[in-house]
Amino acid sequence: MPIHLGRVDWMPSPPLAPDDGPIDLEHLRRMTLGDAGLEREVLAMFAAQTVRLLGALATLPPDAGALAHTLKGSARAIGAFAVADAAIRLEGAMRIGDDPASALAGLLDTVTEARAAIDAMLRRS
């Protein structure tokens, strides 16, 4: 019996892994036990903390590695994994004495993206 193959219009495939954007919303919900008020509170706290930490990091003080480490932990707690990864790169650059400029620029970019997403989420609520 011959097989007849017909043409099928192209259809985009879903991503292999969910992409919630700069904040992993499922992780955030798990960490806040599904409490929407707590989600808003921790997102607002993270946004405020990033302003303080990035202000301190701008001059790359001697404790920049420790500041990046703090940001890494906070970012992981809310599901901002790209921010955490960028903070790890800065922390590593500071630890081994590499030029941290590129790592700091990457951190600024990821924080800016995460803050835009957080601002949008807080406006919706």
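Scroll up to find the structure.
Keep in mind that what you see is a predicted model, and the values were worked out from it rather than measured. (Residues numbered from 1 in each chain as written. Predicted model: local features only at pLDDT ≥ 70, side-chain atom pairs only at ≥ 80, totals over all residues. Heavy atoms only, no water.)

This next bit is on the side chain of Thr-50. Positionally, Thr-50 belongs in helix α2 (residues 36-57). Within the structure, Thr-50 has its side chain in polar contact with the backbone oxygen of Ala-47 (distance 2.7 Å). Setting aside chain neighbours within four positions, we find Thr-50 in contact with Leu-71, Val-111 and Arg-115. (Helix = DSSP H or I, 4+ residues; strand = E, 2+ residues; numbered from the N terminus. Polar contact = N/O pair within 3.5 Å; in protein donor to acceptor, adjacent residues only side chain to side chain. Contact = heavy atoms within 4.5 Å.)

This next bit is on the side chain of His-27. With respect to the secondary-structure elements, His-27 resides in helix α1 (residues 25-31). We classify His-27 as buried; its relative accessible area is 13%. In this structure, His-27 is in contact with Arg-76, Ala-77, Ile-78, Gly-79 and Phe-81, ignoring residues within four places of it in sequence. (Buried < 20%, exposed > 50% of the residue type's maximum accessible area, 1.4 Å probe, protein only.)

Within this model, the largest pocket holds a volume of roughly 160 Å³. Considering the residues around the largest pocket, the lining is formed by Leu-25, Leu-28, Arg-29, Ala-36, Glu-39, Arg-40, Leu-43, Met-121, Leu-122, Arg-124 and Ser-125. In terms of residue count, α2 provides more of the lining of the largest pocket than any other element does, four residues in total. Residues belonging to the lining of the largest pocket are distributed by class as follows: six nonpolar, one polar and four charged. (1 Å grid on protein atoms, 1.4 Å probe; cavity = no way out; pocket = protein on both sides within 12 Å on 5 of 7 lines; lining within 4 Å. Points joined across faces, edges and corners; volume = space filled by probe spheres on them. Nonpolar A, V, L, I, M, F, W, Y, C, P; charged D, E, K, R; others polar.)

Two measures define how a pair of helices packs: the angle their axes make with one another and the distance between the axes. Contact pair α2 / helix α5 (residues 101-124): the axes reach a minimum separation of 10 Å and the direction vectors enclose 150°. The orientation of α2 relative to α5 falls into the category roughly antiparallel. The two elements α2 and α5 cross, and the hand of that crossing is left-handed. Together, Arg-40, Leu-43, Ala-44, Phe-46, Ala-47, Thr-50, Val-51, Leu-54 and Leu-57 of α2 and Leu-104, Leu-107, Leu-108, Val-111, Arg-115, Ile-118, Met-121 and Leu-122 of α5 make up the contact between the two elements. (Axes fitted to C-alpha atoms, helices over the stretch in contact; angles between N-to-C directions. Parallel < 35°, antiparallel > 145°, perpendicular 65-115°, else oblique. Left-handed = near helix turned anticlockwise from the far one by under 90°.)

Another point: the packing of helix α4 (residues 81-96) against α5. Where α4 contacts α5, the two axes come as close as 8 Å, and the packing angle between them is 160°. Regarding the angle of α4 to α5, the classification is roughly antiparallel. Here α4 and α5 pass one another in a crossing that is left-handed. Each of Ala-82, Val-83, Ala-86, Ala-87, Arg-89, Leu-90 and Ala-93 in α4 lies in contact with α5, whose residues at this interface are Ala-103, Leu-104, Gly-106, Leu-107, Thr-110, Val-111 and Ala-114. In the contact of α4 with α5, the residues fall into eleven nonpolar, two polar and one charged.

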